[in-house]
Amino acid sequence: MPDTKDILREALANLRPAGLDAPLADCLVWAAESDGFVSLKLCTPTLDTPEPRTEAAHAAREAVALTLAEVGSVPLRSLIVEFVDNAGTVLQTERLGPGASDNPDPTLRIASASASTDHKKTSQDADAEHREASDQAPACASSPQPTPSQPTGHQPIGGLSDPNPLDTIKHIIAVGAGKGGVGKSTIAVNLAVGLAKKGHAVGLLDGDIYGPSLPTMLGLDALEQNVVAGKLQPHAVHGIKAITIGKLVDPDKPLIWRGPMAHGAFKQLIEQSDWGELDYLIIDLPPGTGDVCLTLAQTLQCTGAVIVCTPQKVAQDDAVRAANMFTSLKIDVLGVIENMSYFIGDDGKEYDIFGRGGAEMMAQRIGLPFLGCVPINMALRANSDTGEPLKNFTPETAGGEALPAAIDKLITTLDGQVALASIKQGASKPTLSVS
Ligand code: ADP
């Protein structure tokens, strides 16, 4: 199976847009494809104005779409082309997709970047702004100044100009799942609250832009989203800071995003939230292997990803795809969590409803660490529905010892994996204490 970059290079081999003295393939410095979402980085010194670059990007889109179809892969769903100079600085970004030019990137347009006074914003305000989607690029797209890339860990792909817009955060951990409904958001919430209970400063970003659950799971319904100086202010709840797109859109409307729209919305959530100093930012990703994951990899320097999976074969298959996606996006997979592993009946017996151990075996099979399992627990479901996650940490309100113990074990293992990843990525050094 040829390498992604080779396939995309082949697609560009015969293209020589006007103003270019070499085929586009010779200008390719970086390429990635995941589930029809393609990202290219081109160094084209002779294309020194915006128009020819835009034309070159459109030509590249046609060629890439044809080639993807020929190799029997998924159809092209979105193409991001970044034009860089010899030093890797991004000069221009073109986001294209089928119909993208007719549907310019709508932005959440949270607030004018120049606003300096405090402003209370309701979800209706945000929705109205959302509806008046404009032709402009997202407000955040032009703001970050080029800074030198950092040498360690996962580097944002195709984004040398802004290695980590969240540089006040020590560890960014994405929580993903191949399948919807496996408990990804539930686990993300409990990891965040559990890490905070251990004394860490923790933020939780609801990046599930298709079905945000945090307003319910954290009980945010009565709270308004504040914006100060163009920055979303996280809600301080249950010992953590939280931001969700669910507070910026109409909760009863379906959220339908095209690839480039999803990219813009998620990027703004990342770049226009005022987190301050954090030890951990947990990002609850949408299920699957789509555009938001690619944006994450392009924008942020992640410590790693955690994959949530139930024991069944169908969930495992999707989790393997998610793991492969993170690997292809150069994001370390910190481990797999088996949710809904088993059920404890009123008789105290453990019932393996979905086939306990399935996700653990899958993790072993593909060589990933296993972080632990969480049983099916009625109190966990109820506490999620009422937005009271802290109740999951005391046996009296968690249906017994099993749930708090399971979450505690997860947190400890995850903490360890993060420490290992940090050492591997050069962010911290192992210490040896002699007494
Ligand atoms: P996802 O984010 O993967 O779509 P959610 O976290 O929204 O999944 O979980 C789906 C539903 O399953 C929610 O109602 C949640 O409360 C429930 N749930 C998740 N994990 C468990 C569990 N271990 N025990 C009981 N209910 C759970």
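Scroll up to find the structure.
Starting afresh in each chain, residues are numbered from 1 along the sequence in its written order. Local features in this predicted model are restricted to residues of pLDDT 70 or higher, and side-chain atom pairs are both shown and tallied only at a pLDDT of 80 or more, whereas totals for entire chains, interfaces and linings draw on every residue. To obtain the side-chain values, all non-hydrogen atoms of the structure were included, while hydrogens and water were left out.

A.B. asks: Could you clarify how one ought to interpret the overall build of the chain in this entry?
C.D. replies: Segments assigned H or I by DSSP are reported as helices when at least four residues long, segments assigned E as strands when at least two residues long, and all are numbered from the N terminus. Broken down by element type, the chain carries eleven helices and 16 strands. Between buried and exposed lies partly exposed: a residue is buried under 20% and exposed over 50% of the maximum accessible area for its type, with that area taken using a 1.4 Å probe on protein chains only. Within the chain, buried positions represent 53% of all 435 residues. Any pair of residues with heavy atoms lying within 4.5 Å of one another is described as a contacting pair. In the chain, the share of contacts with a sequence separation of at least 24, taken over all contacts with a separation of at least 6, comes to 72%. A total accessible area of about 18900 Å² is found for the chain, and carbon and sulfur atoms account for 53% of it. Only the protein chains shown count as cover for residues, and the accessible areas themselves come from Shrake-Rupley with a 1.4 Å probe.

A.B. asks: Would you mind going over the packing of helix 8 (residues 313–328) against helix 9 (residues 358–365) with me for this structure?
C.D. replies: Packed helix pairs are characterised by how far apart their axes lie and by the angle those axes make with each other. In this analysis an axis means a line fitted to C-alpha atoms, helices contributing only their contacting stretch, and an angle means the value between N-to-C directions, from 0 to 180 degrees. Here helix 8 crosses helix 9 at 35 degrees, and the two axes come no closer than 10 Å. The two elements helix 8 and helix 9 meet at a crossing, and its hand is right-handed. Between helix 8, through Gln316, Ala319 and Val320, and helix 9, the contact on the second element is made entirely by Gly358, Ala359, Met362 and Arg365. A class-by-class count of the residues in the contact of helix 8 with helix 9 yields four nonpolar, two polar and one charged. Left-handed describes a crossing whose near helix is turned anticlockwise from the far helix by less than a right angle; the clockwise case is right-handed. Just so you know the grouping, Ala, Val, Leu, Ile, Met, Phe, Trp, Tyr, Cys and Pro go in nonpolar, Asp, Glu, Lys and Arg go in charged, and all remaining residues, Gly too, go in polar.

A.B. asks: What's the story with a nonpolar patch on the surface in this structure? I'm lost.
C.D. replies: Patch definition: residues with relative accessible area over 30% and no salt bridge; like charges joined within 9 Å; nonpolar side chains (Val, Leu, Ile, Met, Phe, Trp, Tyr) joined within 5 Å. When a carboxyl oxygen of Asp or Glu lies within 4 Å of a side-chain nitrogen of Lys or Arg, that pair is called a salt bridge. A surface patch of nonpolar side chains, about 270 Å² in accessible area, is lined by Tyr351, Ile353 and Phe354. Within the fold, Phe354 resides in the loop between strand 15 (350–351) and helix 9.

A.B. asks: What's the story with helix 7 (residues 291–299) in this structure? I'm lost.
C.D. replies: An α-helical turn contains 3.6 residues, so a residue and the one three or four places further along point in the same direction. The element helix 7 is largely enclosed, with a buried count of nine among its nine residues. Taken residue by residue, helix 7 has Asp291, Val292, Cys293, Leu294, Thr295, Leu296, Ala297, Gln298 and Thr299 as its buried positions.

A.B. asks: For this particular structure, what's the right way to read the site of the ligand?
C.D. replies: The near set for a molecule or strand comprises every residue that places at least one heavy atom within 4 Å of it. Every one of the 17 residues lining the ligand counts as a neighbour, but Gly181, Lys184, Ser185, Thr186 and Asn339 are closest to it. Polar contacts here mean pairs of N or O atoms no more than 3.5 Å apart (in protein, one a potential hydrogen donor and the other a potential acceptor; neighbouring residues in sequence count only if both atoms are side-chain atoms). A distance of 2.8 Å is found between an oxygen atom of the ligand and a backbone nitrogen or oxygen belonging to Gly181. One nitrogen or oxygen atom from the main chain of Lys184 is found 2.9 Å from an oxygen atom belonging to the ligand. Protein burial of the ligand: of its 560 Å² of free accessible surface, 81% is covered by the chains. Looking at the shell around the ligand residue by residue, the class counts come to seven nonpolar, eight polar and two charged.

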